[in-house]
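Given next are the chains, with one letter for each unit.
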Amino acid sequence: MTTNPQSKYTKRDILTSPYQSNSCKILLFGSGELGREIIIQAQRLGMKTVAVDRYENAPAQQVAHKSHTIDMLDGDAMRHLVELEKPDAIVCEIEAIDLNMLMELEKEGWPVRPNAKAVWITMNRERSRDMIAKQAGVKTSKYVYVDTEDPAAFKNAVEKIGCPCISKAIMSSSGHGSYSIHSKDDIEPARLAAIKGARGSGTRAIIEEYIDFDTEVTELAVRHLDENGKIVTSFPRPIGHYQLDGDYHASWQSPDASEYLPWKPEDIGTKFKPDEDLAKKAEKKIYDAAGKITGALGGLGVFGVELFVRARDGKVEVLGNECSPRPHDTGMVTFMSHMIGMNEGALHLRAITGLPIPTRINEDGYRVIDPLMPASTHVIKAGCGGWDPEFRGIWNAGNTPGTNIYLFGKPNIPYDPKNPKDVHRRLGITLAMGKDALDAKTKAEAAAHKIEMRTRQFKKWIAQDDTLDARKKHVLR
Ligand SMILES: Nc1ncnc2c1ncn2[C@@H]1O[C@H](COP(=O)(O)OP(=O)(O)OP(=O)(O)O)[C@@H](O)[C@H]1O
Ligand SMILES: [Mg+2]
């Protein structure tokens, strides 16, 4: 076993066809839509692909050469598959995974990417926040940790940070277990939400100062090998996005970031005039923060670094929020904005398997990856739960030049029978290119809102406009 982590990472100069003994084999733990893109990209390069998930026919399983269905919290099952498949790279696409086993496998020399520690840190908000604020030294909102089973301590913590603030269960994602606290009356509901929304048995929460940011961005920093075999960090241009109910709703990217940086999404194209100088300052700070955060995590691959950006009196401030050690949902815009073979799935694949990632050195010395054109995504969300979703309006939505529909092929939308419309599952996205980010955003949004869905159990067609606040933060009201 080697003690130098750098030496594990070697450049790959030979590729083969998938069905031969020396093919490069990728094993995915977690087979969602982001994993599906990694698999598609791997197959374009003749690699062998194996997709694992906890349910049959998960999106990436549908396109992989081979699939397995196991509970990934069962370490023995994980070990069985790794020893059986002998992969050249193990991709961790989900957080609900047996971390101890992942660490053990890595210690034995199995190629966990980006690395087991990065997965361990980022799956937990306390470790993640400490890493960003203390280890990486990137500014964040003020925060404290608290035990959700102690109401008095929870109230004290909120008072310490002050209102408005946000509470989040330490182990949670996609807005589950999070609550915006505006007044004293919100404290107890916030504590109960943190208990209810926690993944696993954790009883801790983080209380964070509310940041009145102008925009939030995802920086898809990618750690990869350069021509000398040395790890370097490259930066796709920042991705703008907004969230509704704690979940990503639309994202955009353009070769000219001053079209949207650092402004509020709802003001793009109306209230503000592009300021190239300010946008450049923002971009530099974004790369700087993302470089520090991914440097603290280490390993190879794409990281979705979530950052808050605000501009005041000609100065820009960038604050760290969280980071995923894998491609990011908002990064699906690169399926359209980037060159074929260079989208976020492809960048992750290239990085973890030691393939080249060509970049441009910008005027500040950062290695950047430019999009080809302005593009945007908009989610296609489930309006109800149930099996066998169907989508209607494909001609209406998809017959516009520059517009594309991606459906993830999820077979089922789990739901609570008492509340079948309270579902938060993303079933697809629309993608659009445009003359600028706003134009792309408008097209993607228009298309997504023309698509209706239904399931085997709920036969009435539902459009996004049938849900409350459907046009919040949208361009088209
Ligand atoms: N301190 C804060 N101030 C202002 N807004 C915040 C703050 N923390 C979170 N938000 C908003 O809530 C969203 C979700 O928060 P966060 O990313 O921390 O949680 P999440 O549930 O892990 O989301 P996901 O896993 O889907 O990325 C952020 O993208 C941002 O829009
Ligand atoms: Mg987030």
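Residues numbered from 1 in each chain as written. Chains lettered and ligands numbered in written order. Predicted model: local features only at pLDDT ≥ 70, side-chain atom pairs only at ≥ 80, totals over all residues.

## Here's the deal with the overall build of the chain
Right, so step 1: Each helix and strand in the chain was counted, giving 13 helices and 27 strands.
Right, so step 2: Taking 23 Å as the expected radius of gyration for a compact globule of 477 residues, we find that the chain reaches 22 Å, a close match to that expectation.
Right, so step 3: Expressed along its principal axes, the backbone C-alpha trace of the chain runs to roughly 60 × 55 × 55 Å.
Right, so step 4: Among the 477 residues that make up the chain, the fraction classed as buried is 49%. (Helix = DSSP H or I, 4+ residues; strand = E, 2+ residues; numbered from the N terminus. Rg over C-alpha atoms; globule rule 2.2 N^0.38 Å. Buried ≥ 20, exposed ≤ 12 C-beta atoms within 10 Å, placed from the backbone.)

## Focus: the site of ligand 1
Right, so step 1: Around ligand 1 lies a shell of 17 residues, among which Ser173, Ser174, Glu208, Ile211 and Gln243 are the nearest.
Right, so step 2: At the level of secondary structure, the elements contributing two or more residues to the shell around ligand 1 comprise strand 7 (165-169) and strand 17 (315-324).
Right, so step 3: Looking at the shell around ligand 1, its residues break down into three nonpolar, eight polar and six charged.
Right, so step 4: Lining the shell around ligand 1 are residues from two domains, each supplying at least three of them: domain 2 (142-209) and domain 3 (215-373). (Near = placed C-beta within 6 Å. Nonpolar A, V, L, I, M, F, W, Y, C, P; charged D, E, K, R; others polar. Domains from an automatic or database assignment.)

## Comments concerning the environment of Thr455
Right, so step 1: Tracing the sequence through the fold places Thr455 in the loop between strand 26 (452-454) and strand 27 (462-463).
Right, so step 2: C-alpha of Thr455 to C-alpha of Ile413: the two residues are 42 residues apart in sequence and 8.6 Å apart in space.
Right, so step 3: In this structure, Thr455 is in contact with Cys384, Gly385, Gly386, Trp387, Asp388, Pro389 and Ile413, ignoring residues within four places of it in sequence. (Contact = placed C-beta atoms within 7 Å.)

## A word on the sheet that holds strand 27
Right, so step 1: Across the sheet, three strands lie side by side as 22-26-27; this open sheet has antiparallel pairing. Looking at the sheet topology across the chains shown, the edges are occupied by strand 22 (390-392) and strand 27. (Pairing = 2+ DSSP bridges.)

## Remarks on unusual backbone geometry
Right, so step 1: The omega torsion of the bond from Arg113 to Pro114 falls at 0°, within 30 degrees of zero and hence cis.
Right, so step 2: Residue Pro262 follows Leu261 across a cis peptide bond; omega there is -5°.
Right, so step 3: Examined against the element boundaries, Pro262 turns out to sit in the loop between strand 14 (247-253) and helix 9 (276-297).
Right, so step 4: Phi angles above zero are rare outside glycine, and Asn57 is one such case at about 65°.
Right, so step 5: Here Asn57 is to be found in the loop between strand 2 (48-53) and strand 3 (66-69).
Right, so step 6: Of note, the phi angle at Lys86 is positive, near 50°, even though the residue is not glycine.
Right, so step 7: Mapped onto the fold, Lys86 is located in the loop between helix 3 (75-85) and strand 4 (89-92).

## Things to note about helix 11 (residues 344-352)
Right, so step 1: Counting buried residues along helix 11, nine of its nine residues qualify, which places the element largely inside the surrounding structure.
Right, so step 2: Check the buried side of helix 11 and you find it contacts helix 2 (33-44), strand 4, strand 5 (112-113), strand 11 (222-225), strand 15 (301-302) and helix 10 (334-337).
Right, so step 3: Positive backbone phi, at 75°, marks Gly354, one or two positions downstream of helix 11.

## Notes on the pairing of strand 25 (residues 426-433)
Look at any regular strand and the pattern is simple: side chains alternate between the two faces of the sheet.
Right, so step 1: The buried count for strand 25 comes to eight of eight residues, which makes it a mostly enclosed element.
Right, so step 2: With seven bridges connecting them, strand 20 (residues 375-381) and strand 25 associate as antiparallel partners. By the bridge assignment for strand 25, Ile380 is matched with Gly428.
Right, so step 3: The pairing of strand 23 (residues 403-407) with strand 25 spans five bridges and is antiparallel. Bridged to Leu407 within strand 25 is Gly428.

## Section: the domain arrangement of the chain
Right, so step 1: In terms of domain boundaries, the chain breaks down into domain 1 (5-113), domain 2 (142-209), domain 3 (215-373) and domain 4 (376-466).
Right, so step 2: For domain 1 versus domain 3, the separation of C-alpha centres amounts to 25 Å.
Right, so step 3: Contacts between domain 1 and domain 3 engage 20 residues on the former and 21 residues on the latter.
Right, so step 4: Looking at the side of domain 1 that touches domain 3, the element that brings in the most residues is helix 2, giving seven residues.

## Structural notes on the nonpolar core
Right, so step 1: Leu28, Phe29, Val91, Cys92, Ile207, Ile293 and Leu307 are the most contacted members of the largest nonpolar core, which has 124 residues in total.
Right, so step 2: The element that contributes the greatest number of residues to this core is helix 9, accounting for eight residues. (Core = buried A, V, L, I, M, F, W, Y, C linked by C-beta atoms within 7 Å.)

## Structural notes on the sheet that holds strand 16 (residues 304-312)
Right, so step 1: Within the open sheet, the eight strands sit side by side as 17-16-10-13-14-20-25-23. Their pairing is antiparallel. Lying at the two open borders of the sheet, with one neighbouring strand each, are strand 17 and strand 23. Taking the axes of each pair of neighbouring strands and ignoring which way they run, one obtains an average angle of 30° across the sheet.
Right, so step 2: Sheet topology places strand 14 next to strand 20; four bridges connect them, and they run antiparallel. The residue of strand 20 that forms the bridge with Ser251 is Thr377.
Right, so step 3: Across the face of the sheet, helix 9 comes into contact with strand 10 (215-219), strand 16 and strand 17 while running at roughly 35° to strand 17. (Axes fitted to C-alpha atoms, helices over the stretch in contact; angles between N-to-C directions.)

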